[in-house]
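Below, each chain spelled out in residue letters.
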Amino acid sequence: MIKHLFTLLAISVSASAADNTFVTEGNGIKNIALGNIDNKKVVFISELNGGVSSYSTQGKKRWHHASTTPAVMFEIEAEDINGDNNDDLLAASGDGHIYAWDSSGDLLWKFSPDYKVRFSEITVVKNANKIQIFAGGNDSTLYELNSTGQLVSSTPIKGVVRKIESGHFTDDGKENLLLMTYAHDKFRWEFLGLVDASSKKTIKSIDYKNTQVKSLSRFMLTDMEVADIDNNGKDDILFFGDISFQASYFSLDHNLELRSTFNATKKQRQRYAHTQGVFDSATQQVIMRHGGIVYLLDSSGKLLKSDGEIYKKTAYNDLVINTDEHRLLAAGALGGGNGVYSFDLNNNSWITESPSVEGRLKEVNSNIATLYQQTLKFVPPSYQKRSDKSWVMIGKKAPKEVMNLNGADLQFITQTKWDENTDRGYLVDLIGKDALKRDRRVKYNMSRDQIIAKAKKMEQAGTPFILWAGHGTDPFFLHIDTMEAILKVAPKTCYGFLYAEMHNPEDPRVQLFVNEYVPRLAKAIRVEGKAKLYFRYKNMFWGASSHQQPWKDMFYSGKYADILVPASEDTSSRTQEINLAGRVGMMAGGYIDDFAMRIVDDNPTSWRPLTPGGQKTVSPYLRQGVMMAAYGARFGILFNNKYLDENASYASLIALMKSGVLPLVEPENILSIGSWHLMNGVDKHLIHSVDDHHNMMIYDKDDTNAVMSVGQMHWAGASLPEHDFSKIALGVDFRWMNYMPEMPHGMVPIAPIEYKSVLDKKHVPYSVSDTKYGYVKGKKVAAADYAIVLKDTVNQGDKLMPVIVHGASWSAIKLDDSHIRVIMVDPGYINPKARRATLTFNHQTPKSVTDILSKETLTLHKNTVELTVPAGSMRFVDLAY
């Protein structure tokens, strides 16, 4: 029986009777806009990676352009800029361009300054037959273009552009600008005001410290609309987002005076719920979707009606109202939807409708259902030896049919947090008052005796557990004496202690932890039981930041290889592939013997206001988990995906593990590593600017001039320079969510420069950098010049691998002397699609290539095999020699 999985995959089981819902021919939809062509409404669409298209409102394709330089297409606008009375399409792209296509889809022009900018916002002002196009991005500049794409002016502004909108805000009836900029990545604003379109001078602005709006200092904006909501001929500004994960809406009038507010109840909190909103001018009502709940408000913010449950309904990427037909169009869906869903606003029951997903997500769900069914039937072949290790997963047990699979052992454990209120006087004696800093999210409400008693009960009950013991805000949720005591009373059930985001090596608390806590914990763990120390870090920590002291001695000395388990904390991160390459390097290089996958409901993030979590489909998490496991991760930590079905959220992942389809991987059996990248120290300015992920105001033209470039938060969505390590070595096109890089040259692990001697003995090629500069014979080389070395290194590595895969994220694992398992995954994390993959064999062509789940024997053409990796899913192929 697989009823649990179908509960998960259905997403919304009640079908909508709405007409005009259609599926586009492209990929995951990012934005939707309505325009007028020959006096009829048409739909303009942009895709996450930069494709654009146009459809009739009935779904007939008018035209489509795939992206030539993949990057996030942040915003599109439909306006007639060439004077033919038909709306054209303008777009702001993370590839550094502003684009304009005419109504028929022909490119009119594209603009970029003579240095790299990540554009994210665009709007058009029309006054007295004069057209002004305004755009902005991460370089603290307001750009003005004319209708032919020529630069008219560039105005310095304070902050990174968050929103630029046009509207009638003044008594003279002219259109002007609303400008909003950020200094912090998700909260408050640096500037919020009205700007004269002609002079670029501020008409009026409002500070978030203003008494009217100071409660909004923790407001995270995810959508905005400009509309006249009180019919006075002047536009108001509608803000949609959340405060502490509670749906929140407020509006300012044309004078920037607070006009209306609405806040959902605490019971309706949903993490990263991707709030979207529109104003319905026909009814003077506000429509807002926040995760699983839809709200209908009047223009004053009063709740008229709501429907849904938290974490249940599908969240869409963009909303727009077709005023001609009085229909709400909801475009895309989190997780990579390419459907446009229509709700008839003339039907009073529209708010209760939950259309079943169509198009790409329906395809993905079907593919995962097939994968699951095939996995339940899988029996490991005789040549696949059973591992003496087991999978260790935090979470609830999977359905019975999964737990009955017998290809591998799996242990479920519980993660919990016991916060200790023991006096910190001894810590103050060691490092001063920094020891008294505490995490505001933590209660600190337990004594040492209470904690030890709880650990005893866990041991007596036979309940395995892991404890969250510290964070960068406070490494001392638990004291060292307490942890040693826990290990003594629960040697069989305590699986260890978890730490997160303690990345600052200058922090005296971190130094104390490394120098005092870790040696004592290592000694206690080795004496008492099976525990490990788990570390979650984001950004480039495992690939770069960990190569500075005191971390380098801790993670790369080998002294603690048996107890350290690195994991990712890749929320609000753009460099996941570097973090992955670093962890694979640690394990394949022998610096650790385990690493962990972390799969959590705010994983799909890069710049949080624009990429919230809340995926209803298991596909991104499933594929990420498989890719981590395919390179040696056997621990899974912090599974807390409330958006997914509680009983079956990871049934398919656990099935792959329990069945043996996913083998437990030893480093020496990874055959998809051809070359390495070694860290000769790190450029501290670069890595600290990346780690400073809340700071948006650190734009530097020199950010592009690095081997590991444009990784700072303000570059989220930007295309990568041709010389970048991630692009050359790992096949990454833009800084967004690259948990599963395509890896055209296999995995290129990252290790310290000291690993050079090992690689030299094995005659394995490697490149060297300090994140900013490359190194040739010990001398620094500029990143652009070093690109040829990077390319040559990975090309040499290609020749050493028995198989190379192009078109999918992949791993090759030796099962025995005659068999290799190749795992191929659709790399589109929240933009899934079917991938045509090619396997090319070096040295020796296998005698057979078999899909181990479908039992299909694949056809060899000379030394290659071609196959399709299903959208949102994966293929497992065994090579027999």
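Source: prediction; values computed, not measured.

**Q** Just checking my understanding: could you explain the packing of helix α5 (residues 448-461) against helix α6 (residues 480-489) for this structure?
**A** Angle between the axes and distance between the axes are the two parameters that describe a pair of packed helices. Where α5 meets α6, the axes come as close as 9 Å, and the angle between the chain directions of the two elements is 25°. Put simply, α5 runs roughly parallel to α6. Taken as a pair, α5 and α6 cross one another with a handedness that is right-handed. Mapping the contact onto sequence places R448, I451, I452, A455, K456 and E459 in α5 and D481, T482, A485, I486 and V489 in α6. Of the residues contributing to the contact of α5 with α6, the split by class is six nonpolar, one polar and four charged.

**Q** Explain the sheet that holds strand β7 (residues 88-93) to me, please; I cannot follow it from the model alone.
**A** Strands in a sheet are paired, the pairing made by backbone hydrogen bonds, and the direction either parallel or antiparallel. Reading across from one edge, β6-β7-β8-β9 is the order of the four strands in this open sheet, with antiparallel pairing throughout. The open sheet has two free edges, formed respectively by β6 (73-79) and β9 (107-111), since each of these has just one partner strand. In this sheet, neighbouring strand axes are inclined to one another by 15° on average, regardless of whether the strands run parallel or antiparallel. Across four bridges, β7 lies against strand β8 (residues 98-101) in antiparallel orientation. Counterpart to A92 in the pairing with β8 is I98.

**Q** Mind showing me how you'd approach the pattern of salt bridges here?
**A** Side chains that differ in charge, positive against negative, can pair when their charged atoms come close. Going through the model one piece at a time under the given rule, you end up with 46 salt bridges. The salt bridge partner of D507 is R509, with a shortest N-O separation of 2.8 Å. Taken individually, D507 and R509 each receive the classification buried, so the pair is uniform in this respect. Ionic pairing is found between K532 and D593, a salt bridge with its closest N-O pair at 3.0 Å. Highlighted residues: K532 in strand β33 (residues 532-537) and D593 in the loop between α9 (576-588) and β35 (596-598), separated in sequence by 61 residues. By sharing partners, the salt bridges in this structure join E75, E121, K163 and E165 into a single network.

**Q** So what exactly am I meant to see when it comes to the sheet that holds strand β27 (residues 327-331) here?
**A** Within the open sheet, the four strands sit side by side as β1-β28-β27-β26. Their pairing is antiparallel. Among the strands making up the open sheet, the edge pair consists of β1 (22-23) and β26 (318-322). Of the pairings in the sheet, the one linking β27 to strand β28 (residues 339-344) comprises five bridges and is antiparallel in character. Residue pairing for β28: A331 is matched across the bridge by V340.

**Q** What's the story with the side chain of D253 in this structure? I'm lost.
**A** With respect to the helices and strands, D253 occurs in the loop between β20 (246-252) and β21 (258-263). The buried charged residue D253 lacks any salt bridge partner; its closest oppositely charged side chain belongs to R259, at an N-O distance of 6.4 Å. In this structure the side chain of D253 is engaged in a polar contact, spanning 2.8 Å, whose partner is the backbone nitrogen of N255.

The rules behind each value
Numbers given to residues run from 1 along each chain, matching the order in which its sequence is written. The predicted nature of this model means local features are confined to residues of pLDDT at least 70 and side-chain atom pairs, given and counted, to a pLDDT of 80 or more, with totals for whole chains, interfaces and linings taken over all residues. The side-chain numbers reported here are obtained from all heavy atoms of the structure, hydrogens and water having been left aside. Note on method: axes are straight lines fitted to C-alpha atoms, helices fitted across the in-contact stretch only, with angles between N-to-C directions ranging 0 to 180 degrees. Secondary structure elements are taken from DSSP: a helix is a run of H or I of four residues or more, a strand is a run of E of two residues or more, and numbering for both begins at the N terminus. With respect to orientation, any angle under 35 degrees is reported as roughly parallel, any angle over 145 as roughly antiparallel, any angle of 65 to 115 as roughly perpendicular, and every other angle as oblique. Helix crossings are classified by the rotation of the near helix relative to the far one: an anticlockwise turn of less than a right angle makes the crossing left-handed, while a clockwise turn makes it right-handed. Note on definitions: a residue-residue contact is assigned when non-hydrogen atoms from the two residues lie within 4.5 Å. Any residue that is not Ala, Val, Leu, Ile, Met, Phe, Trp, Tyr, Cys, Pro, Asp, Glu, Lys or Arg is counted as polar, Gly included; the first ten are nonpolar and the last four charged. A pair of strands is considered paired only if DSSP assigns at least 2 bridges between the two. Whenever Lys or Arg places a side-chain nitrogen within 4 Å of a carboxyl oxygen from Asp or Glu, that contact is recorded as a salt bridge. In this scheme, a residue with accessible area under 20% of its type's maximum is buried, one over 50% is exposed, and one in between is partly exposed, where area comes from a 1.4 Å probe on protein chains only. In summary, the charge assignment counts Lys and Arg as positive and Asp and Glu as negative, without counting His or the chain termini. Contacts described as polar in this section are N or O atom pairs within 3.5 Å, which, within protein, must combine one atom able to donate a hydrogen with one able to accept it, while residues neighboring in sequence count only if both atoms come from side chains.

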